[in-house]
Amino acid sequence: CEREIDGVRTRGFSVSFSKRYITLAPVATVVGLAFNAIDESRPEGRRELGITCALIPVPQPGMQIGRRHHPMNSSFMNGPIKGQDVFVPMDWIIGGEHRVGQGWRMLMECLAAGRAISLPALGAATQQTSVFVANGYGQIRNQFGLPIGRFDAVAGTIAAMAVELYATDAARRYTAAVLDQGEQPSVASAILKVQLTEAGRRSVNHAMDILGGKGIISGPSNLLSVAYRHMPIAITVEGANILTRSLIIFGQGAVRCHPFVMREMQAVQQNDAQALGQALIGHAGHVARNLWRSLFGAPMAGTPPAALEKEARLLARLSAKYALTCDLAMGLLGGRLKRMELLSARLGDCLAHLYLASCCLWRYVFDANADLLPFARAAMRVELDAAEEVLRDLYANFPTPGRRLIGALVLSRTAHLAPLRDVQLLALAQLLRTRPDLVARLCPDVSTPKTGGLLDLMQALELSRQLSDDATALNKLVRRTCSFEEAAQGMPNPELALAYLRAADRVIQVDDFAP
Ligand SMILES: Cc1cc2nc3c(=O)[nH]c(=O)nc-3n(C[C@H](O)[C@H](O)[C@H](O)COP(=O)(O)OP(=O)(O)OC[C@H]3O[C@@H](n4cnc5c(N)ncnc54)[C@H](O)[C@@H]3O)c2cc1C
(Lines give C-alpha, C1' and ligand atoms only; values in the text may rest on other atoms or scores of the structure.)
Protein backbone atom coordinates (compact mmCIF):
# COMPACT_ATOMS: atom_id res chain seq x y z
CA CYS A 1 0.00 0.00 0.00
CA GLU A 2 0.99 3.68 -0.10
CA ARG A 3 0.86 6.24 2.73
CA GLU A 4 1.82 9.86 3.07
CA ILE A 5 4.92 10.12 5.32
CA ASP A 6 6.28 13.64 5.98
CA GLY A 7 4.45 14.86 2.90
CA VAL A 8 5.94 12.16 0.64
CA ARG A 9 3.94 9.28 -0.90
CA THR A 10 5.69 6.18 0.44
CA ARG A 11 5.25 2.52 -0.53
CA GLY A 12 5.15 -0.13 2.16
CA PHE A 13 3.04 -2.73 3.95
CA SER A 14 0.25 -2.37 6.48
CA VAL A 15 0.84 -5.11 9.06
CA SER A 16 -1.22 -6.41 11.98
CA PHE A 17 0.20 -8.80 14.55
CA SER A 18 -0.03 -10.07 18.10
CA LYS A 19 2.75 -12.06 19.80
CA ARG A 20 3.42 -13.03 23.41
CA TYR A 21 6.76 -13.80 25.07
CA ILE A 22 8.94 -11.29 23.21
CA THR A 23 12.32 -10.92 24.88
CA LEU A 24 13.23 -7.30 25.73
CA ALA A 25 9.85 -6.06 24.43
CA PRO A 26 9.13 -3.84 27.48
CA VAL A 27 12.37 -1.91 26.91
CA ALA A 28 12.60 -2.21 23.11
CA THR A 29 13.54 0.78 20.97
CA VAL A 30 13.28 -1.27 17.79
CA VAL A 31 11.22 -4.41 17.02
CA GLY A 32 12.23 -7.09 14.53
CA LEU A 33 9.14 -8.49 12.81
CA ALA A 34 8.70 -11.37 10.36
CA PHE A 35 5.39 -11.17 8.47
CA ASN A 36 3.72 -12.81 5.52
CA ALA A 37 3.78 -10.10 2.83
CA ILE A 38 0.80 -9.86 0.47
CA ASP A 39 0.42 -7.50 -2.49
CA GLU A 40 -3.33 -7.02 -3.06
CA SER A 41 -2.69 -5.15 -6.32
CA ARG A 42 -1.38 -8.30 -8.02
CA PRO A 43 -3.54 -10.78 -9.91
CA GLU A 44 -5.12 -13.63 -7.94
CA GLY A 45 -2.63 -16.45 -7.29
CA ARG A 46 0.43 -14.15 -7.33
CA ARG A 47 -0.36 -12.01 -4.31
CA GLU A 48 1.60 -13.93 -1.67
CA LEU A 49 5.14 -12.51 -1.63
CA GLY A 50 6.33 -14.68 1.25
CA ILE A 51 7.80 -14.21 4.71
CA THR A 52 9.48 -10.82 5.01
CA CYS A 53 11.60 -9.37 7.82
CA ALA A 54 11.51 -5.73 8.93
CA LEU A 55 12.92 -3.55 11.71
CA ILE A 56 10.29 -1.20 13.18
CA PRO A 57 11.28 1.74 15.40
CA VAL A 58 9.42 2.08 18.73
CA PRO A 59 7.09 3.89 19.43
CA GLN A 60 5.02 3.48 16.30
CA PRO A 61 1.38 4.41 15.57
CA GLY A 62 -0.75 1.26 15.92
CA MET A 63 1.86 -0.69 17.91
CA GLN A 64 1.38 -1.48 21.59
CA ILE A 65 3.92 -3.06 23.88
CA GLY A 66 2.10 -4.80 26.71
CA ARG A 67 2.88 -5.38 30.36
CA ARG A 68 5.86 -7.42 31.43
CA HIS A 69 5.87 -11.27 31.66
CA HIS A 70 7.96 -12.97 34.37
CA PRO A 71 9.57 -16.07 32.80
CA MET A 72 10.18 -18.29 35.85
CA ASN A 73 10.80 -15.09 37.81
CA SER A 74 14.06 -14.45 36.00
CA SER A 75 15.11 -10.86 35.73
CA PHE A 76 15.30 -10.42 31.94
CA MET A 77 12.62 -8.34 30.26
CA ASN A 78 9.93 -10.11 28.28
CA GLY A 79 6.43 -9.13 27.20
CA PRO A 80 3.75 -9.11 24.48
CA ILE A 81 3.64 -6.91 21.38
CA LYS A 82 0.55 -6.09 19.36
CA GLY A 83 0.17 -4.11 16.16
CA GLN A 84 -2.90 -2.99 14.23
CA ASP A 85 -2.42 -1.50 10.77
CA VAL A 86 1.20 -0.54 11.47
CA PHE A 87 2.74 1.01 8.35
CA VAL A 88 6.11 -0.54 7.40
CA PRO A 89 7.81 1.49 4.60
CA MET A 90 10.02 -0.43 2.16
CA ASP A 91 13.07 1.22 3.79
CA TRP A 92 12.44 -0.79 6.95
CA ILE A 93 12.54 -4.16 5.15
CA ILE A 94 15.80 -5.91 6.02
CA GLY A 95 17.87 -5.82 2.83
CA GLY A 96 15.48 -3.35 1.15
CA GLU A 97 12.55 -3.92 -1.20
CA HIS A 98 14.31 -6.55 -3.29
CA ARG A 99 14.52 -8.77 -0.17
CA VAL A 100 10.74 -8.89 0.24
CA GLY A 101 9.78 -12.58 0.51
CA GLN A 102 13.23 -13.75 1.58
CA GLY A 103 12.59 -13.60 5.31
CA TRP A 104 12.27 -17.34 5.86
CA ARG A 105 15.78 -17.89 4.54
CA MET A 106 17.08 -15.06 6.76
CA LEU A 107 15.39 -16.56 9.81
CA MET A 108 16.71 -20.05 9.06
CA GLU A 109 20.24 -18.76 8.47
CA CYS A 110 20.17 -16.83 11.76
CA LEU A 111 18.80 -19.87 13.57
CA ALA A 112 21.41 -22.13 11.96
CA ALA A 113 24.11 -20.07 13.63
CA GLY A 114 22.40 -18.68 16.74
CA ARG A 115 20.80 -21.94 17.80
CA ALA A 116 24.26 -23.53 18.00
CA ILE A 117 25.67 -20.82 20.27
CA SER A 118 23.74 -19.28 23.14
CA LEU A 119 21.38 -22.03 24.32
CA PRO A 120 23.93 -24.85 23.93
CA ALA A 121 26.38 -22.66 25.87
CA LEU A 122 23.75 -22.23 28.57
CA GLY A 123 23.19 -26.00 28.65
CA ALA A 124 26.92 -26.69 28.90
CA ALA A 125 27.36 -24.01 31.57
CA THR A 126 24.56 -25.60 33.60
CA GLN A 127 26.20 -29.01 33.20
CA GLN A 128 29.64 -27.72 34.19
CA THR A 129 28.22 -26.02 37.28
CA SER A 130 26.14 -29.07 38.19
CA VAL A 131 29.10 -31.44 37.90
CA PHE A 132 31.37 -29.10 39.86
CA VAL A 133 28.78 -28.53 42.60
CA ALA A 134 27.61 -32.16 42.92
CA ASN A 135 31.17 -33.48 42.97
CA GLY A 136 32.32 -30.82 45.45
CA TYR A 137 29.31 -31.12 47.74
CA GLY A 138 29.73 -34.91 47.63
CA GLN A 139 33.15 -34.48 49.24
CA ILE A 140 32.06 -32.02 51.92
CA ARG A 141 28.73 -33.43 53.09
CA ASN A 142 29.05 -36.48 55.37
CA GLN A 143 26.47 -39.10 56.24
CA PHE A 144 27.04 -42.33 58.17
CA GLY A 145 30.62 -41.14 58.75
CA LEU A 146 31.49 -40.90 55.04
CA PRO A 147 31.39 -38.14 52.42
CA ILE A 148 28.20 -38.81 50.43
CA GLY A 149 30.24 -38.76 47.20
CA ARG A 150 31.80 -42.06 48.30
CA PHE A 151 28.47 -43.91 48.26
CA ASP A 152 28.17 -45.81 44.98
CA ALA A 153 24.72 -44.45 44.11
CA VAL A 154 25.90 -40.85 44.43
CA ALA A 155 29.33 -41.52 42.91
CA GLY A 156 27.82 -43.29 39.88
CA THR A 157 25.42 -40.42 39.26
CA ILE A 158 28.20 -37.81 39.41
CA ALA A 159 30.44 -39.83 37.10
CA ALA A 160 27.62 -40.28 34.56
CA MET A 161 27.02 -36.51 34.64
CA ALA A 162 30.72 -35.88 33.95
CA VAL A 163 30.77 -38.40 31.10
CA GLU A 164 27.80 -36.72 29.45
CA LEU A 165 29.44 -33.33 29.96
CA TYR A 166 32.56 -34.51 28.12
CA ALA A 167 30.44 -35.36 25.07
CA THR A 168 28.16 -32.33 25.05
CA ASP A 169 30.97 -29.86 25.67
CA ALA A 170 32.91 -31.52 22.86
CA ALA A 171 29.92 -30.98 20.56
CA ARG A 172 29.55 -27.36 21.68
CA ARG A 173 33.20 -26.58 21.00
CA TYR A 174 33.33 -28.47 17.71
CA THR A 175 30.19 -26.82 16.34
CA ALA A 176 31.39 -23.37 17.42
CA ALA A 177 34.65 -24.04 15.56
CA VAL A 178 32.66 -25.00 12.45
CA LEU A 179 30.64 -21.78 12.73
CA ASP A 180 33.89 -19.85 13.08
CA GLN A 181 34.86 -21.17 9.67
CA GLY A 182 31.75 -19.59 8.16
CA GLU A 183 29.60 -22.74 7.89
CA GLN A 184 25.87 -22.65 8.69
CA PRO A 185 25.24 -26.13 10.04
CA SER A 186 21.46 -26.01 10.46
CA VAL A 187 21.05 -29.70 11.32
CA ALA A 188 23.96 -29.72 13.77
CA SER A 189 22.65 -26.54 15.40
CA ALA A 190 19.22 -28.12 15.93
CA ILE A 191 20.95 -31.19 17.41
CA LEU A 192 22.96 -28.99 19.78
CA LYS A 193 19.94 -26.97 20.82
CA VAL A 194 17.99 -30.07 21.83
CA GLN A 195 20.81 -32.24 23.17
CA LEU A 196 22.62 -29.62 25.24
CA THR A 197 19.56 -28.03 26.79
CA GLU A 198 18.20 -31.50 27.66
CA ALA A 199 21.60 -32.51 29.07
CA GLY A 200 21.68 -29.29 31.11
CA ARG A 201 18.25 -30.07 32.54
CA ARG A 202 19.19 -33.71 33.31
CA SER A 203 22.40 -32.64 34.95
CA VAL A 204 20.89 -29.96 37.18
CA ASN A 205 18.12 -32.39 38.19
CA HIS A 206 20.71 -34.98 39.28
CA ALA A 207 22.76 -32.35 41.10
CA MET A 208 19.65 -31.10 42.92
CA ASP A 209 18.96 -34.67 44.09
CA ILE A 210 22.52 -34.96 45.37
CA LEU A 211 22.25 -31.67 47.27
CA GLY A 212 19.12 -32.93 49.05
CA GLY A 213 17.57 -30.24 51.27
CA LYS A 214 20.44 -27.85 50.53
CA GLY A 215 19.27 -27.62 46.92
CA ILE A 216 15.71 -26.82 47.84
CA ILE A 217 16.12 -23.95 50.29
CA SER A 218 16.25 -20.62 48.44
CA GLY A 219 18.67 -17.85 49.35
CA PRO A 220 22.14 -16.57 48.53
CA SER A 221 23.82 -19.77 49.65
CA ASN A 222 21.72 -21.98 47.36
CA LEU A 223 23.97 -23.47 44.72
CA LEU A 224 21.67 -24.43 41.86
CA SER A 225 18.09 -23.27 42.28
CA VAL A 226 18.35 -20.44 39.73
CA ALA A 227 19.74 -22.76 37.03
CA TYR A 228 17.12 -25.37 37.95
CA ARG A 229 14.31 -22.84 37.63
CA HIS A 230 15.56 -21.34 34.37
CA MET A 231 16.36 -24.51 32.45
CA PRO A 232 12.80 -24.91 31.07
CA ILE A 233 13.18 -21.53 29.34
CA ALA A 234 16.08 -22.87 27.29
CA ILE A 235 14.08 -26.01 26.50
CA THR A 236 11.17 -23.97 25.12
CA VAL A 237 12.65 -20.96 23.30
CA GLU A 238 14.25 -20.93 19.82
CA GLY A 239 12.28 -23.99 18.74
CA ALA A 240 10.64 -25.98 21.54
CA ASN A 241 12.56 -29.23 22.05
CA ILE A 242 9.75 -31.71 21.41
CA LEU A 243 9.00 -30.10 18.06
CA THR A 244 12.66 -29.62 17.09
CA ARG A 245 13.52 -33.20 18.01
CA SER A 246 10.56 -34.81 16.29
CA LEU A 247 10.13 -32.63 13.21
CA ILE A 248 13.24 -30.62 12.48
CA ILE A 249 16.42 -32.65 13.03
CA PHE A 250 15.65 -35.62 10.80
CA GLY A 251 13.06 -33.72 8.76
CA GLN A 252 15.68 -31.17 7.65
CA GLY A 253 18.61 -33.52 7.71
CA ALA A 254 17.10 -36.34 5.64
CA VAL A 255 17.10 -34.28 2.47
CA ARG A 256 19.91 -31.79 3.16
CA CYS A 257 22.47 -34.33 4.36
CA HIS A 258 21.63 -37.15 1.95
CA PRO A 259 24.07 -37.41 -0.94
CA PHE A 260 21.36 -38.25 -3.53
CA VAL A 261 17.81 -37.38 -2.40
CA MET A 262 18.16 -33.65 -3.12
CA ARG A 263 19.51 -34.39 -6.62
CA GLU A 264 16.64 -36.79 -7.24
CA MET A 265 14.07 -34.20 -6.15
CA GLN A 266 15.65 -31.52 -8.34
CA ALA A 267 15.75 -33.88 -11.32
CA VAL A 268 12.04 -34.68 -10.87
CA GLN A 269 11.20 -30.96 -10.56
CA GLN A 270 13.16 -30.17 -13.73
CA ASN A 271 11.79 -33.21 -15.54
CA ASP A 272 15.36 -34.29 -16.27
CA ALA A 273 15.22 -38.05 -16.86
CA GLN A 274 18.97 -38.41 -17.38
CA ALA A 275 19.89 -36.63 -14.13
CA LEU A 276 17.26 -38.66 -12.29
CA GLY A 277 18.66 -41.92 -13.68
CA GLN A 278 22.20 -40.99 -12.61
CA ALA A 279 21.04 -39.99 -9.14
CA LEU A 280 19.08 -43.24 -8.74
CA ILE A 281 22.07 -45.35 -9.80
CA GLY A 282 24.25 -43.45 -7.31
CA HIS A 283 21.59 -43.91 -4.65
CA ALA A 284 21.41 -47.66 -5.23
CA GLY A 285 25.20 -47.89 -4.91
CA HIS A 286 25.03 -45.86 -1.69
CA VAL A 287 22.48 -48.28 -0.20
CA ALA A 288 24.49 -51.34 -1.28
CA ARG A 289 27.69 -49.87 0.18
CA ASN A 290 26.01 -49.10 3.49
CA LEU A 291 24.52 -52.59 3.66
CA TRP A 292 27.96 -54.10 3.12
CA ARG A 293 29.55 -51.78 5.68
CA SER A 294 26.79 -52.47 8.21
CA LEU A 295 27.41 -56.18 7.96
CA PHE A 296 31.16 -56.39 7.48
CA GLY A 297 32.63 -53.17 8.88
CA ALA A 298 33.07 -49.67 7.53
CA PRO A 299 36.29 -47.91 6.54
CA MET A 300 37.30 -44.89 8.59
CA ALA A 301 38.03 -41.45 7.20
CA GLY A 302 41.43 -40.51 8.64
CA THR A 303 43.36 -42.22 11.39
CA PRO A 304 41.81 -42.12 14.85
CA PRO A 305 44.03 -41.98 17.95
CA ALA A 306 45.16 -45.50 18.85
CA ALA A 307 43.55 -45.26 22.30
CA LEU A 308 40.11 -44.73 20.75
CA GLU A 309 40.46 -46.86 17.64
CA LYS A 310 37.95 -49.49 18.74
CA GLU A 311 35.32 -46.84 19.46
CA ALA A 312 36.09 -45.09 16.15
CA ARG A 313 35.55 -48.37 14.24
CA LEU A 314 32.22 -48.86 15.98
CA LEU A 315 31.29 -45.29 15.15
CA ALA A 316 32.04 -45.86 11.45
CA ARG A 317 30.00 -49.05 11.38
CA LEU A 318 27.06 -47.57 13.28
CA SER A 319 27.11 -44.58 10.93
CA ALA A 320 26.73 -46.97 7.98
CA LYS A 321 23.87 -48.73 9.79
CA TYR A 322 22.25 -45.38 10.45
CA ALA A 323 22.58 -44.26 6.82
CA LEU A 324 21.09 -47.56 5.64
CA THR A 325 18.26 -47.25 8.16
CA CYS A 326 17.43 -43.74 6.90
CA ASP A 327 17.14 -45.02 3.34
CA LEU A 328 15.02 -47.96 4.47
CA ALA A 329 12.76 -45.68 6.52
CA MET A 330 12.31 -43.21 3.67
CA GLY A 331 11.88 -45.99 1.12
CA LEU A 332 9.42 -48.05 3.15
CA LEU A 333 7.39 -45.22 4.65
CA GLY A 334 7.73 -42.45 2.06
CA GLY A 335 5.86 -39.21 2.87
CA ARG A 336 4.18 -40.88 5.88
CA LEU A 337 7.50 -40.68 7.75
CA LYS A 338 7.13 -36.91 8.18
CA ARG A 339 3.92 -37.36 10.14
CA MET A 340 5.27 -40.27 12.20
CA GLU A 341 6.93 -37.99 14.72
CA LEU A 342 8.03 -40.74 17.10
CA LEU A 343 10.02 -42.46 14.35
CA SER A 344 11.37 -39.17 13.02
CA ALA A 345 12.45 -38.26 16.58
CA ARG A 346 14.36 -41.55 16.91
CA LEU A 347 16.08 -41.04 13.57
CA GLY A 348 17.11 -37.58 14.82
CA ASP A 349 18.28 -38.97 18.17
CA CYS A 350 20.46 -41.60 16.53
CA LEU A 351 22.11 -38.97 14.36
CA ALA A 352 22.59 -36.80 17.47
CA HIS A 353 24.33 -39.60 19.40
CA LEU A 354 26.61 -40.35 16.45
CA TYR A 355 27.40 -36.64 16.12
CA LEU A 356 28.25 -36.38 19.82
CA ALA A 357 30.45 -39.50 19.60
CA SER A 358 32.31 -37.98 16.62
CA CYS A 359 32.79 -34.75 18.57
CA CYS A 360 34.34 -36.71 21.47
CA LEU A 361 36.89 -38.11 19.04
CA TRP A 362 37.60 -34.61 17.72
CA ARG A 363 37.95 -33.20 21.23
CA TYR A 364 40.35 -35.90 22.35
CA VAL A 365 42.59 -35.24 19.35
CA PHE A 366 42.23 -31.46 19.64
CA ASP A 367 42.99 -31.36 23.39
CA ALA A 368 46.09 -33.51 22.77
CA ASN A 369 46.16 -34.53 26.42
CA ALA A 370 45.73 -38.13 27.52
CA ASP A 371 44.54 -37.19 31.04
CA LEU A 372 40.91 -37.14 30.01
CA LEU A 373 41.12 -40.39 28.02
CA PRO A 374 38.94 -42.36 30.49
CA PHE A 375 36.20 -39.74 30.10
CA ALA A 376 36.59 -39.56 26.31
CA ARG A 377 36.34 -43.34 26.00
CA ALA A 378 33.39 -43.56 28.38
CA ALA A 379 31.57 -40.72 26.60
CA MET A 380 32.03 -42.37 23.21
CA ARG A 381 30.80 -45.71 24.50
CA VAL A 382 27.74 -44.15 26.12
CA GLU A 383 26.85 -42.28 22.92
CA LEU A 384 27.43 -45.35 20.71
CA ASP A 385 25.40 -47.51 23.04
CA ALA A 386 22.59 -44.94 22.99
CA ALA A 387 22.69 -44.76 19.17
CA GLU A 388 22.45 -48.54 18.91
CA GLU A 389 19.58 -48.67 21.39
CA VAL A 390 17.67 -46.02 19.45
CA LEU A 391 18.13 -48.02 16.23
CA ARG A 392 16.82 -51.11 18.00
CA ASP A 393 13.72 -49.20 19.20
CA LEU A 394 13.25 -47.80 15.73
CA TYR A 395 13.13 -51.21 14.04
CA ALA A 396 10.83 -52.49 16.77
CA ASN A 397 8.40 -49.71 15.84
CA PHE A 398 8.54 -49.76 12.03
CA PRO A 399 4.94 -50.38 10.96
CA THR A 400 6.14 -52.55 8.08
CA PRO A 401 6.00 -56.32 7.69
CA GLY A 402 9.39 -57.92 7.85
CA ARG A 403 10.76 -55.08 9.97
CA ARG A 404 12.07 -57.43 12.65
CA LEU A 405 13.97 -59.41 10.08
CA ILE A 406 15.50 -56.30 8.50
CA GLY A 407 16.28 -54.90 11.94
CA ALA A 408 18.00 -58.09 13.07
CA LEU A 409 20.06 -58.08 9.88
CA VAL A 410 21.02 -54.42 10.03
CA LEU A 411 21.82 -54.49 13.73
CA SER A 412 23.87 -57.67 13.61
CA ARG A 413 27.46 -57.52 14.85
CA THR A 414 27.06 -54.60 17.18
CA ALA A 415 25.42 -56.74 19.84
CA HIS A 416 28.61 -56.60 21.88
CA LEU A 417 28.04 -52.90 22.53
CA ALA A 418 27.48 -52.57 26.25
CA PRO A 419 26.74 -49.58 28.42
CA LEU A 420 29.46 -48.37 30.73
CA ARG A 421 29.97 -50.94 33.48
CA ASP A 422 29.53 -49.98 37.13
CA VAL A 423 33.19 -50.55 37.98
CA GLN A 424 34.24 -48.20 35.19
CA LEU A 425 31.78 -45.57 36.33
CA LEU A 426 32.98 -45.80 39.93
CA ALA A 427 36.60 -45.54 38.79
CA LEU A 428 35.68 -42.30 37.01
CA ALA A 429 33.98 -41.04 40.17
CA GLN A 430 37.15 -41.70 42.12
CA LEU A 431 39.15 -39.71 39.58
CA LEU A 432 36.74 -36.81 40.05
CA ARG A 433 37.15 -36.97 43.83
CA THR A 434 40.93 -37.20 43.80
CA ARG A 435 41.99 -35.21 40.72
CA PRO A 436 40.86 -31.57 40.97
CA ASP A 437 42.92 -30.87 37.84
CA LEU A 438 40.60 -33.18 35.85
CA VAL A 439 37.51 -31.49 37.32
CA ALA A 440 38.99 -28.15 36.23
CA ARG A 441 39.47 -29.49 32.70
CA LEU A 442 35.91 -30.78 32.56
CA CYS A 443 34.45 -27.61 34.07
CA PRO A 444 36.82 -24.92 32.76
CA ASP A 445 34.19 -22.19 32.66
CA VAL A 446 33.13 -22.33 36.32
CA SER A 447 34.57 -19.07 37.62
CA THR A 448 35.04 -17.96 41.21
CA PRO A 449 32.17 -15.74 42.36
CA LYS A 450 32.68 -12.86 44.81
CA THR A 451 30.15 -14.16 47.36
CA GLY A 452 27.54 -16.86 47.88
CA GLY A 453 27.28 -20.62 48.15
CA LEU A 454 29.61 -21.47 45.27
CA LEU A 455 32.43 -19.43 46.81
CA ASP A 456 31.85 -21.18 50.16
CA LEU A 457 32.07 -24.54 48.40
CA MET A 458 35.29 -23.61 46.59
CA GLN A 459 36.91 -22.45 49.83
CA ALA A 460 35.88 -25.60 51.69
CA LEU A 461 37.24 -27.79 48.88
CA GLU A 462 40.57 -25.96 48.94
CA LEU A 463 40.90 -26.45 52.72
CA SER A 464 39.89 -30.11 52.40
CA ARG A 465 42.66 -30.55 49.83
CA GLN A 466 45.15 -29.10 52.31
CA LEU A 467 43.86 -31.47 55.00
CA SER A 468 44.17 -34.38 52.58
CA ASP A 469 43.82 -37.77 54.33
CA ASP A 470 43.30 -36.11 57.73
CA ALA A 471 39.74 -35.19 56.73
CA THR A 472 38.42 -38.69 57.52
CA ALA A 473 39.98 -38.71 61.00
CA LEU A 474 38.71 -35.17 61.62
CA ASN A 475 35.15 -36.11 60.70
CA LYS A 476 35.29 -39.05 63.10
CA LEU A 477 36.48 -36.73 65.87
CA VAL A 478 33.61 -34.33 65.19
CA ARG A 479 31.12 -37.19 65.47
CA ARG A 480 32.67 -38.23 68.78
CA THR A 481 33.13 -34.81 70.39
CA CYS A 482 30.21 -32.91 68.81
CA SER A 483 32.49 -29.85 68.93
CA PHE A 484 34.49 -28.31 66.07
CA GLU A 485 37.00 -26.77 68.47
CA GLU A 486 37.61 -29.97 70.42
CA ALA A 487 37.86 -32.08 67.27
CA ALA A 488 40.31 -29.63 65.67
CA GLN A 489 42.54 -29.80 68.75
CA GLY A 490 43.00 -33.53 68.12
CA MET A 491 44.54 -32.91 64.67
CA PRO A 492 48.19 -32.24 63.70
CA ASN A 493 47.26 -28.78 62.37
CA PRO A 494 44.36 -27.55 64.59
CA GLU A 495 44.12 -24.16 62.85
CA LEU A 496 43.66 -25.72 59.41
CA ALA A 497 41.26 -28.32 60.80
CA LEU A 498 39.06 -25.67 62.45
CA ALA A 499 39.09 -23.50 59.32
CA TYR A 500 37.98 -26.51 57.26
CA LEU A 501 35.20 -27.47 59.67
CA ARG A 502 33.81 -23.93 59.67
CA ALA A 503 34.02 -23.65 55.87
CA ALA A 504 32.37 -27.06 55.42
CA ASP A 505 29.63 -26.05 57.83
CA ARG A 506 28.94 -22.90 55.77
CA VAL A 507 28.50 -25.15 52.72
CA ILE A 508 26.03 -27.41 54.48
CA GLN A 509 23.99 -24.71 56.23
CA VAL A 510 21.10 -23.00 54.41
CA ASP A 511 19.66 -19.48 54.53
CA ASP A 512 16.86 -18.50 56.89
CA PHE A 513 14.61 -15.46 56.95
CA ALA A 514 12.13 -13.73 59.23
CA PRO A 515 8.71 -15.48 59.09
C1 LIG B 1 10.97 -16.65 27.91
C2 LIG B 1 10.58 -16.68 26.48
C3 LIG B 1 11.19 -15.83 25.58
C4 LIG B 1 10.81 -15.82 24.24
N5 LIG B 1 11.34 -14.90 23.39
C6 LIG B 1 10.86 -14.81 22.13
C7 LIG B 1 11.29 -13.78 21.25
O8 LIG B 1 12.10 -12.94 21.62
N9 LIG B 1 10.78 -13.74 20.01
C10 LIG B 1 9.86 -14.65 19.58
O11 LIG B 1 9.43 -14.58 18.44
N12 LIG B 1 9.44 -15.64 20.38
C13 LIG B 1 9.90 -15.73 21.64
N14 LIG B 1 9.44 -16.72 22.46
C15 LIG B 1 8.45 -17.64 21.94
C16 LIG B 1 8.96 -19.04 21.84
O17 LIG B 1 9.78 -19.18 20.74
C18 LIG B 1 7.73 -19.93 21.84
O19 LIG B 1 7.22 -19.88 23.13
C20 LIG B 1 8.00 -21.33 21.56
O21 LIG B 1 8.23 -21.45 20.21
C22 LIG B 1 6.82 -22.21 21.98
O23 LIG B 1 5.62 -21.71 21.50
P24 LIG B 1 4.30 -21.83 22.41
O25 LIG B 1 4.60 -21.37 23.78
O26 LIG B 1 3.19 -21.18 21.69
O27 LIG B 1 4.07 -23.39 22.51
P28 LIG B 1 3.14 -24.29 21.61
O29 LIG B 1 3.37 -24.02 20.17
O30 LIG B 1 1.77 -24.20 22.14
O31 LIG B 1 3.76 -25.72 21.92
C32 LIG B 1 3.49 -26.43 23.12
C33 LIG B 1 4.17 -27.78 23.04
O34 LIG B 1 3.71 -28.51 21.90
C35 LIG B 1 4.81 -28.92 21.11
N36 LIG B 1 4.42 -28.88 19.70
C37 LIG B 1 3.80 -27.89 19.04
N38 LIG B 1 3.61 -28.23 17.76
C39 LIG B 1 4.12 -29.48 17.60
C40 LIG B 1 4.24 -30.40 16.52
N41 LIG B 1 3.79 -30.12 15.31
N42 LIG B 1 4.84 -31.57 16.74
C43 LIG B 1 5.31 -31.89 17.96
N44 LIG B 1 5.21 -31.07 19.02
C45 LIG B 1 4.63 -29.89 18.85
C46 LIG B 1 5.94 -27.95 21.42
O47 LIG B 1 7.20 -28.57 21.21
C48 LIG B 1 5.69 -27.66 22.89
O49 LIG B 1 6.30 -28.65 23.67
C50 LIG B 1 9.82 -16.73 23.80
C51 LIG B 1 9.22 -17.62 24.71
C52 LIG B 1 9.59 -17.59 26.03
C53 LIG B 1 8.90 -18.55 26.97
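Residues numbered from 1 in each chain as written. Predicted model: local features only at pLDDT ≥ 70, side-chain atom pairs only at ≥ 80, totals over all residues. Heavy atoms only, no water.

A. Quick look at the overall build of the chain. Within the chain, the regular secondary structure consists of 20 helices and 8 strands. Overall, the C-alpha framework of the chain stretches about 95 × 70 × 40 Å when taken along its three principal axes. Buried positions account for 45% of the 515 residues belonging to the chain. Looking at the chain as shown, the accessible area adds up to about 26400 Å², and 56% of this sits on carbon and sulfur atoms. Where the 54 positive side-chain charges of the chain centre and where its 46 negative ones centre are 5 Å apart. (Helix = DSSP H or I, 4+ residues; strand = E, 2+ residues; numbered from the N terminus. Buried < 20%, exposed > 50% of the residue type's maximum accessible area, 1.4 Å probe, protein only. Areas by Shrake-Rupley, 256 points an atom, 1.4 Å probe, with all protein chains shown as cover. Lys, Arg positive; Asp, Glu negative; His and termini not counted. Charge placed at Lys NZ, Arg CZ, Asp CG, Glu CD.)

B. Representation of the pairing of strand E6 (residues 78–89) within the structure. For E6, the buried fraction is high: 9 of the 12 residues fall into the buried class. Pairing of strand E2 (residues 8–23) with E6 involves 9 bridges; the strand directions are antiparallel. Note that in E6 the partner of Phe13 across the bridge is Val88. Sheet analysis places strand E5 (residues 63–65) next to E6, joined by 3 bridges and oriented antiparallel. Bridged to Ile65 within E6 is Ile81. (Pairing = 2+ DSSP bridges.)

C. Representation of the sheet that holds E2. Across the sheet, which stays open at both edges, the 4 strands sit in the order E1-E2-E6-E5 with antiparallel pairing between neighbours. The sheet is open, and its two borders are formed by strand E1 (2–5) and E5, each paired with just one other strand. When the angles between neighbouring strand axes are averaged without regard to direction, this sheet yields 35°. Across 4 bridges, the pairing between E1 and E2 is antiparallel. Each bridged residue has a counterpart across the sheet, and for Ile5 the counterpart in E2 is Val8. (Axes fitted to C-alpha atoms, helices over the stretch in contact; angles between N-to-C directions.)

D. Structural context of the pattern of salt bridges. Scanning the model with the defined rule gives 24 salt bridges in all. Asp367 is the salt-bridge partner of Arg173, the closest N and O atoms lying 2.8 Å from each other. Of the two residues, Arg173 sits in helix H3 (residues 152–180) while Asp367 sits in helix H12 (residues 341–367), which places them 194 residues apart along the sequence. You can call Arg173 partly exposed: its relative accessible area is 26%. (Salt bridge = Lys/Arg side-chain N within 4 Å of Asp/Glu carboxyl O.)

E. Quick look at the site of the ligand. Close to the ligand lie 16 residues; Tyr21, Thr23, Asn78, Leu243 and Glu341 are nearest. Interatomic distance of 2.8 Å between a backbone N/O atom of Tyr21 and a nitrogen atom of the ligand. Relative to its unbound accessible surface of 970 Å², the ligand loses 55% to contact with the protein. Those elements giving two or more residues to the shell around the ligand turn out to be E2, helix H6 (225–236) and helix H7 (241–256). Taken together, the residues of the shell around the ligand break down into 10 nonpolar, 4 polar and 2 charged. (Near = heavy atom within 4 Å. Polar contact = N/O pair within 3.5 Å; in protein donor to acceptor, adjacent residues only side chain to side chain. Nonpolar A, V, L, I, M, F, W, Y, C, P; charged D, E, K, R; others polar.)

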